[in-house]
Amino acid sequence: MSDYTHTSPPKPSGLIKPRIIIHGGAGNITRTTVPRDRYDAYHTSLLRILSNASFVLTYPGISALDVATYAVTLLENDPLYNSGHGAVFTREGKNELEASIMVSNGYEKRGVGVMMLSHVKNPIGLARELLLKGEEPNGDGSQDHCQYSGAYVEWLAAKWNLEIVPEEYFFTQRKWDEHKRGLAEEQRREETGVSTEEISEWEEENYIPLGTCGAVVIDSFGTICVATSTGGLTNKVPGRIGDTPTMGAGYWAEEWYEEVRKEMIYQPSLPVSSPIDRLSRGDLRNLVGDCLPGITSQSNPSETSSSKTADEKLSKVRHAVGLSSSGNGDSFIRMCASRTTASKSRFQSTSLSKATTWMTGPGGELQKSAGDRWGKVHEGTGGMIGIEVIGNKVDVVCDYNCGGMFRAWTEEDGSKKCLIFREDGWESGPKNWDSVHSGQ
Ligand SMILES: NC(=O)C[C@H](N)C(=O)O
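Model, not experiment: these values are computed from the prediction.

Definitions and limits used
- Residues numbered from 1 in each chain as written.
- Predicted model: local features only at pLDDT ≥ 70, side-chain atom pairs only at ≥ 80, totals over all residues.
- Heavy atoms only, no water.
- Disulfide = S-S within 2.5 Å.
- Buried < 20%, exposed > 50% of the residue type's maximum accessible area, 1.4 Å probe, protein only.
- Near = heavy atom within 4 Å.
- Polar contact = N/O pair within 3.5 Å; in protein donor to acceptor, adjacent residues only side chain to side chain.
- Areas by Shrake-Rupley, 256 points an atom, 1.4 Å probe, with all protein chains shown as cover.
- Nonpolar A, V, L, I, M, F, W, Y, C, P; charged D, E, K, R; others polar.
- Helix = DSSP H or I, 4+ residues; strand = E, 2+ residues; numbered from the N terminus.
- Arc of directions from axis to C-beta.
- Pairing = 2+ DSSP bridges.
- Axes fitted to C-alpha atoms, helices over the stretch in contact; angles between N-to-C directions.
- Contact = heavy atoms within 4.5 Å.
- pLDDT = per-residue confidence, 0-100.
- UniProt positions renumbered as here; feature names shortened; annotations may be inferred.
- Parallel < 35°, antiparallel > 145°, perpendicular 65-115°, else oblique.

Observations regarding the state of the cysteines
- Taken as a whole, this structure holds zero disulfides when the rule is applied.
- With no disulfide of its own, Cys213 has Cys225 as its nearest cysteine by sulfur position, at a separation of 13 Å.
- Cysteine Cys402 is unpaired, with the sulfur of Cys398 as its nearest cysteine sulfur at 9.3 Å.
- On the accessibility criterion, Cys402 (10% relative accessible area) is buried.

Have a look at this one:
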């Protein structure tokens, strides 16, 4: 963990209780595709990673950015998941890795997506580094862009001393067998003339490979960070880019302020943050502005201020959200699913939980987007996790329209939960793909 901790941690404000939710993918998770022993392996792994990350989240002054990166690094290193070591293969038998990171506030770039990687051991570490380099002049060679792919950015990773590995590092026999079986199945279908509208047994099991991973974290300063990493889809076309590194599609974080009448505020509001809090949020410009009267300081986004003039009764409450997705990335891109969910919450004053179900729950917008192809192919399939904070009230959310979603999170009282299906236990899950779509 030492790579990701502050050398001199700032003091936490103590106003917001840090929380975390992680996921290991959504898709055709059923009792058939995930037999009991694998179910147990995922359960154990998710709880182990959640425990490690939530312990780190108790360090004084630790940032959501550092903890989300740490959690996804652990997920990338575990071959159970389709990211880092254990990523799926393209049609040409290569790994093309993707990752992204985004914060609700505090850093100039706010979000970064990386893609077409095949040498950086932890793509999420590179995404984080690119976000941080955005605070330096010229980004230390990365400038102020938000999306990066391929050789140049891997060269930057090496220059920044991130771990570089040979391509073989990402190989696992299981994912290789899925790749080979998929190609063989395709050839068989071509030869026998089976319609492409009909889902094959291989597709049911593998097309949405279980295991894109992600983490959403809120720290004691109220900053939300979302980190996501994937190998993409099994046998994807070389060069195909999915939703994971596409801002607004597979990931999103933002914050805003809403004016409410004071009587309506049901949460104590945040006080003006201290300089040390603001430093942890990357708010250098405003800190400098405070010290040098000649420089105009913008109003600090972490402040909850009261209107002094017309209406003494109006006050501003801070909202922040972060979302990480998994599923059929092409559908998530078409729907701009993560940003659309955040916008539903922001512009229709809907809780993030309701907005998430509206987008990605059973019968939701993603499912509708597949039209009559729903259930026949994998279009529209997926799920999302997220965190919302209003004032200092935090809510952890998740929904999906498929068999299940691997996920684990901390409750308000600090206890840890892990679910794969809607209920606890392998027996509670749907039997197979058909039973998911017939609602049995
Ligand atoms: N398993 C996944 O979540 C795949 C990823 N969303 C993609 O389409 O690239």
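With respect to the site of the ligand
- Residues in contact with the ligand amount to nine residues; listed here are only the nearest, Thr212, Arg240, Asp243, Ser326 and Gly327.
- Take Arg240: an N or O atom from its side chain is 2.7 Å from an oxygen atom of the ligand.
- Here an oxygen atom of the ligand sits 2.8 Å away from a polar atom, N or O, in the side chain of Ser326.
- Within the complex, 100% of the 270 Å² of free accessible area of the ligand lies under protein.
- Classifying every residue of the shell around the ligand by side-chain character gives two nonpolar, five polar and two charged.

Concerning helix α11 (residues 352-360)
- Within α11, burial applies to Leu352, Ala355, Thr356, Met359 and Thr360. All buried residues of α11 fall inside an arc of 100° around its axis, so they share one side.

Brief notes about the sheet that holds strand β1 (residues 19-27)
- Spatial ordering of the open sheet is given by β4-β3-β2-β6-β5-β1-β11-β12, a layout of eight strands whose pairing is mixed. Strands with a single pairing partner mark the edges of an open sheet, and in this sheet they are β4 (147-149) and β12 (416-419). Strand-to-strand twist across the sheet, computed as the mean angle between neighbouring axes with direction ignored, equals 10°.
- Relative to strand β11 (residues 404-410), β1 runs antiparallel, the two being bridged by five bridges. Opposite Gly27, over in β11, you have Gly404 as the bridge partner.
- Along the sheet, helix α2 (residues 64-77) contacts β1, β2 (97-103), β5 (213-218) and β6 (224-230); its crossing angle with β5, the most-contacted strand, is approximately 160°.

A word on the confidence of the model for the chain
- Chain-level statistics for the chain give a pLDDT mean of 87 and a share of 81% at 70 or above.
- Low pLDDT (under 50) marks residues 5-12, which in the prediction has 22 contacts with non-local residues, meaning those over four places away or in another chain.
- pLDDT under 50 marks residues 268-272. Its contacts with residues more than four places away, or in other chains, come to ten contacts.
- On the interface metric, ipTM, the complex scores 0.98, and its pTM is 0.87.

Quick notes on the UniProt feature "active site" (unreviewed entry) in the chain
- As recorded in UniProt, the feature "active site" (unreviewed entry) lies at Thr212.
- Under the relative-accessibility criterion, Thr212 is labelled buried at 8%.

A short note on the packing of α2 against helix α3 (residues 123-133)
- With their axes 8 Å apart at the nearest point, α2 and α3 run at an angle of 160° to one another. It follows that α2 is roughly antiparallel to α3 by the angle criterion. Between α2 and α3, the residues in contact are Leu65, Asp66, Thr69, Val72, Thr73 and Glu76 and Pro123, Ile124, Gly125, Arg128, Leu131 and Leu132, respectively.
- The residue makeup of the contact of α2 with α3, split by class, is six nonpolar, three polar and three charged.

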